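Fold and geometry: a report
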2 protein chains.
Amino acid sequence: MTKTPAVILVRPQMGENIGAAARAMFNFGLTDLRLVSPRDSWPDQRAIDMSSGALDKMPPVQVFETLPEALADLRMVYATTARPRDMVKPVFTPKAAIADSYARFGDGDGAGLVFGPERTGLENEELSLCHAIVTVPNNPDFPSINLAQAVLLMAYEWFQHSDDTPDKMLVSGDSGPADHADLLAFLERLENALEDGGFFKSDDLRPTMVRNIRAMFTRAELTHQEVQTLHGMVSALIRR
Amino acid sequence: MTKTPAVILVRPQMGENIGAAARAMFNFGLTDLRLVSPRDSWPDQRAIDMSSGALDKMPPVQVFETLPEALADLRMVYATTARPRDMVKPVFTPKAAIADSYARFGDGDGAGLVFGPERTGLENEELSLCHAIVTVPNNPDFPSINLAQAVLLMAYEWFQHSDDTPDKMLVSGDSGPADHADLLAFLERLENALEDGGFFKSDDLRPTMVRNIRAMFTRAELTHQEVQTLHGMVSALIRR
């Protein structure tokens, strides 16, 4: 199994958030969850419930007393937090932090993503142990992101970085795109039927109207089956 | 106020998820939340609690009985769901869907983002009312994303699309980057002090060792204040 970036939750308060973070991680293929001094004992039933099965499928969560112990085997540690005011640190966007970790480690082995407690965030001493900061650009009037949501964004960016899903595709099931000849045959039949029905008010307007009709149907990227359906619709309308 | 894409939650079951979705929306500047036939009555105290104040700051949530009513004033509707098997629909990634809506509407006015109920997702009849599908590429062995998390991803992509935060920046507080002359003066002082301490074992090795030391300190992008601190550290070490 490819090693993936570790997610380190420092002093998490709510089991629900740990579980939701685990679900978000595993949704995007991250499996190395580490807790530093969680408020409640571990394992935590609320976390297990909120993980929707993720915690059962992931390797066991590791629990540490201190942040240095949790980071010991990692080589580049990114802390997700608001931009620090009084510490000289590189600050990445989530996407750029993931790109940076890929550039260093390829598969993510050696990278750690650190998240602070729900209310207070990371303390400066904890931040001073991390190589870099990740700050999520967002609404300055309402910037506080839920812990599990912050984990989700990093996991999402990690998965997207190496994902090759096309930006847009047309799901067309068993029926592929229509041959152009079939589409044109339908358009000509439609135009003839419209002619018979008195749709084209004048010969002057006909070419423009035909172009506009053709624009609708060519733009629709019709499948073979859909062209057959359109033929059936025209037949039904003619029968009326 | 710029109009932003509407988020439409169809038959949501859990008030907690509605609240978490509202928080995620407002974290990224989306404010138009619409509910279609929620299971529980609205307003819902659990939603208000989970929104961490977002629902108080956003315009009132609109509640509709049917999906067509909720979509009436929208012009391009994207449904976030698993890829449909038996419907011919364009399928976007989240990022590409947001880019598509920007290309159509600029500020997002007219776009709708539809999300189905927690367990069952959208029904085919509901999907048939939407112009396009958004499917989040993720772990095929654990693909089910929490409702509020799915809303977050779309809101996040919406905000990122027009955000110009640099990928990486160095926060250096009041002290700007050091002048190169100051950095070089420190390096020469350090190298002289090391020479005096017998650090360079031979004249042959000296140039390489100096280059390696300089690599560390130039790579560090030091601030003016940090160069002063380094001078102080060298002074303290010489005194020993």
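Residues numbered from 1 in each chain as written. Chains lettered and ligands numbered in written order. Predicted model: local features only at pLDDT ≥ 70, side-chain atom pairs only at ≥ 80, totals over all residues. Heavy atoms only, no water.

All right, on to the side chain of Asn17 of chain B then. Mapping Asn17 of chain B onto the fold places it in helix 1 (residues 15–27). In this structure Asn17 of chain B touches Glu118, Asn146, Leu147 and Ala148 of chain B, once residues within four positions along its chain are discounted. (Helix = DSSP H or I, 4+ residues; strand = E, 2+ residues; numbered from the N terminus. Contact = heavy atoms within 4.5 Å.)

So, on to empty space enclosed by the protein. Residues and elements named next belong to chain B. Here the structure, examined in full by the defined rule, presents two cavities of 30 Å³ or more. As for the largest cavity, its lining consists of 12 residues, of which Lys3, Thr4, Leu74, Asp109 and Gly110 are closest to the centre. The class makeup of the residues in the lining of the largest cavity is four nonpolar, three polar and five charged. Taken as a whole, the second largest cavity encloses approximately 30 Å³ of empty space. In terms of residue class, the lining of the second largest cavity is made up of five nonpolar, three polar and three charged. (1 Å grid on protein atoms, 1.4 Å probe; cavity = no way out; pocket = protein on both sides within 12 Å on 5 of 7 lines; lining within 4 Å. Points joined across faces, edges and corners; volume = space filled by probe spheres on them. Nonpolar A, V, L, I, M, F, W, Y, C, P; charged D, E, K, R; others polar.)

The next point concerns the relation of the copies chain A and chain B. You can overlay chain A on chain B at an RMSD of 0.1 Å; the transform is a turn of 180° with a shift of 0.0 Å along its axis. Both copies of the chain, as the preceding transformation shows, are related through a two-fold rotation axis. Taking C-alpha positions as reference, the residue of chain A nearest the rotation axis is Gln149 of chain A, located at 3.3 Å. Both copies contact each other with a shared surface, as 100% of the interface residues of chain A are interface residues in chain B too. (Least-squares fit on C-alpha atoms with pLDDT ≥ 70 in both.)

Residue and element names in this part refer to chain A. Mapping Thr135 onto the fold places it in the loop between strand 7 (132–134) and helix 7 (147–161). Exposure remark for Thr135: the relative accessible area of 17% places this residue in the buried category. Within the local environment of Thr135, its side chain forms a polar contact with the backbone oxygen of Thr81, the two atoms lying 2.9 Å apart. Excluding its chain neighbours within four sequence positions, the residues that come into contact with Thr135 are Thr81, Ala82, Arg83, Val91, Phe92, Thr93 and Pro94. (Buried < 20%, exposed > 50% of the residue type's maximum accessible area, 1.4 Å probe, protein only. Polar contact = N/O pair within 3.5 Å; in protein donor to acceptor, adjacent residues only side chain to side chain.)

All names here are of chain A. Summarising the element assignment, Ala103 is placed in helix 5 (residues 94–105). The class for Ala103 is exposed, based on a relative accessible area of 68%. Measuring from C-alpha to C-alpha, the distance between Ala103 and Leu187 comes to 52 Å, with 84 residues separating the pair along the chain.

Next up on the list: the pairing of strand 1 (residues 6–10) of chain A. Residues and elements named next belong to chain A. The buried count for strand 1 comes to five of five residues, which makes it a mostly enclosed element. Examined bridge by bridge, strand 1 and strand 2 (residues 32–36) share five bridges and lie parallel to one another. Its bridge partner lying in strand 2, Leu9 is registered against Leu35. Where the polypeptide runs from strand 1 across helix 1 (residues 15–27) and back to strand 2, its parallel neighbour, the crossover connection is right-handed. (Pairing = 2+ DSSP bridges. Right-handed = clockwise from strand over helix to strand, strands pointing away.)

Bringing the interface of chain A and chain B into the picture now. Each partner contributes residues to the interface: chain A has 55 residues there, and chain B has 55 residues. Here chain A packs against chain B, burying approximately 4,200 Å² in sum over the two surfaces, 60% of which is carbon and sulfur. At the junction of chain A with chain B, the criterion picks out zero salt bridges. Within the residue set of the side of chain A that touches chain B, elements represented by two or more residues are helix 1, helix 3 (54–57), strand 5 (89–92), helix 5, helix 7 and strand 8 (168–171) of chain A. Ranked by residues supplied to the side of chain A that touches chain B, first place goes to helix 7 of chain A with eight residues. In terms of residue class, the side of chain A that touches chain B is built from 27 nonpolar, 16 polar and 12 charged. Of the strand pairs in this sheet, strand 8 of chain A and strand 5 (residues 89–92) of chain B are connected by four bridges, and their pairing is antiparallel. Residue pairing for strand 5 of chain B: Lys168 of chain A is matched across the bridge by Phe92 of chain B. (Buried area = accessible area lost by both parts, 1.4 Å probe. Salt bridge = Lys/Arg side-chain N within 4 Å of Asp/Glu carboxyl O.)

This part covers the layout of surface pockets. Each pocket or cavity is described by its volume, and for the second largest pocket that value is around 560 Å³. In this structure, the second largest pocket is lined by 17 residues; those nearest its centre are Pro90 and His131 of chain A together with Leu170, Arg219 and Ala220 of chain B. Secondary-structure elements contributing two or more residues to the lining of the second largest pocket are strand 5 of chain A together with strand 8 (168–171) and helix 9 (206–219) of chain B. Along the lines of polarity and charge, the residues of the lining of the second largest pocket split into 10 nonpolar, one polar and six charged.

Let us look at the sheet that holds strand 6 (residues 111–115) of chain A. A sheet is described by the order of its strands in space; here eight strands give the open sequence 3(A)-2(A)-1(A)-6(A)-4(A)-7(A)-5(A)-8(B), paired in mixed fashion. For this open sheet the edge positions go to strand 3 (62–64) of chain A together with strand 8 of chain B, each flanked by a neighbour on one side alone. Taken over all neighbouring pairs, the strand axes of this sheet differ in orientation by 30° on average, direction set aside. Contacting strand 4 (76–80), strand 5, strand 6 and strand 7 of chain A, helix 5 of chain A crosses the sheet at an angle of about 170° to strand 4 of chain A. Sheet strands touched by helix 7 of chain A: strand 1, strand 4, strand 6 and strand 7 of chain A. Its angle to strand 6 of chain A, the strand with the most contacts, is close to 155°. (Axes fitted to C-alpha atoms, helices over the stretch in contact; angles between N-to-C directions.)

Here we take up the packing of helix 8 (residues 180–196) of chain B against helix 10 (residues 224–239) of chain B. All names here are of chain B. The N-to-C vectors of helix 8 and helix 10 enclose an angle of 15°; their axes lie 10 Å apart at closest approach. For the element pair helix 8 / helix 10, the angle class is roughly parallel. Judged by the sense of rotation from one axis to the other, the crossing of helix 8 with helix 10 is left-handed. Each of Asp182, Leu183, Ala185, Phe186, Arg189, Leu190 and Ala193 in helix 8 lies in contact with helix 10, whose residues at this interface are His224, Val227, Leu230, His231, Val234, Ser235 and Ile238. Its residues assigned to classes, the contact of helix 8 with helix 10 comprises nine nonpolar, three polar and two charged. (Parallel < 35°, antiparallel > 145°, perpendicular 65-115°, else oblique. Left-handed = near helix turned anticlockwise from the far one by under 90°.)

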